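Geometric and topological summary
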Amino acid sequence: MPSGVQPHPPNATAEIWIKRLERHYAIQERSALNSLLREQGQLPGLLMEAVPHLRKWFGDRPLHLRVSDAEEEIALRASVVWPGALEPAEEALRAFDADWWLANCAKSDGYLVFDFELVDGV
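About the criteria used
Residues numbered from 1 in each chain as written. Predicted model: local features only at pLDDT ≥ 70, side-chain atom pairs only at ≥ 80, totals over all residues. Heavy atoms only, no water. Helix = DSSP H or I, 4+ residues; strand = E, 2+ residues; numbered from the N terminus. Contact = heavy atoms within 4.5 Å. Areas by Shrake-Rupley, 256 points an atom, 1.4 Å probe, with all protein chains shown as cover. Core = buried A, V, L, I, M, F, W, Y, C linked by side-chain atoms within 4.5 Å. Buried < 20%, exposed > 50% of the residue type's maximum accessible area, 1.4 Å probe, protein only. Axes fitted to C-alpha atoms, helices over the stretch in contact; angles between N-to-C directions. Parallel < 35°, antiparallel > 145°, perpendicular 65-115°, else oblique. Nonpolar A, V, L, I, M, F, W, Y, C, P; charged D, E, K, R; others polar. Pairing = 2+ DSSP bridges. Expected span 1.5 Å × (residues − 1). Bend = angle between axes of the 7 residues up to and from the residue.

Quick notes on the overall build of the protein chain
Looking only at helices and strands, one finds four helices and four strands in the protein chain. Look at the contacts in the protein chain between residues 6 or more apart in sequence, and 68% of them connect residues 24 or more apart. Element-wise, carbon and sulfur atoms account for 51% of the exposed surface of the protein chain, whose accessible area totals about 6600 Å².

A short note on the nonpolar core
With 33 residues, the main nonpolar core has Y25, L47, L54, L65, L76, L112 and F114 as its most contacted residues. Contributing elements (two or more residues each) for this core: α1 (14-21), β1 (25-27), α2 (30-39), α3 (43-58), β2 (63-67), β3 (76-83), α4 (86-104) and β4 (112-119). The biggest single contributor to this core is α3, with seven residues. Not counting residues within four places of it along the chain, the set of residues in contact with Y25 comprises L47, A50, V51, L54, L63, H64, L65, A78 and F114.

A word on the packing of α1 against α3
One way to put it is that α1 packs onto α3 with a least axis distance of 10 Å and a crossing angle of 10°. As summarised for this structure, α1 and α3 are arranged roughly parallel, according to the angle between their axes. For the pair α1 and α3, contact is made by W17, R20 and L21 and by P44, G45, L47 and M48, respectively. Among the residues making up the contact of α1 with α3, the classes are represented as five nonpolar, one polar and one charged.

Describing the sheet that holds β1
Here we have four strands laid out as an open sheet, ordered β1-β2-β3-β4, and mixed in their pairing. The sheet terminates laterally at β1 and β4, the two strands that pair on one side only. Ignoring strand direction, the axes of neighbouring strands in this sheet form an average angle of 30°. As judged from the three bridges shared by β1 and β2, these two strands associate in the parallel manner. Of the residues in β2, the one forming a bridge with I27 is L65. Of the strands in this sheet, β1, β2 and β3 touch α2, which is tilted by about 75° from β2.

As for α4
Between its terminal C-alpha atoms α4 stretches 25 Å, which fits the 27 Å expected from 19 residues at 1.5 Å a residue. Its maximal kink placed at A98, α4 deviates by approximately 55°. Considered for burial, the residues of α4 that qualify are A89, A92, L93, A95, F96, W100, W101 and N104. Contact partners of the buried residues in α4: α3, β3 and β4.

Some thoughts on the side chain of N104
Summarising the element assignment, N104 is placed in helix α4. For N104, a relative accessible area of 7% translates into the label buried. In contact with N104, not counting residues within four places along its chain, are L46 and E49.

So far we have only geometry, and geometry alone does not tell us how the molecule works.
Given below as structure tokens:
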């Protein structure tokens, strides 16, 4: 397990972590997420650790958490719902990456990506 990331405690189930994550992320594919969190115990702590950094650069916009299809390389996608123009979203993502994610992405063992979803007004 990568150093610096706390795995979920032995007595905590993936379901408990999902409830904690739901305070910050809208979760889709709950059963698939449950399975992934059981297999990749470093992910829940990393996702929780990311929240203040996401808020710093993206503000109070909604966060979504999705388990990717088996065909995709990344297993888990955390995305910020971004209404409006592409350029400010790209700038926020670059700042998030430089400020926190690039120094911490190895902890995910390649199972997690942070991104944004452009939407028409929210």
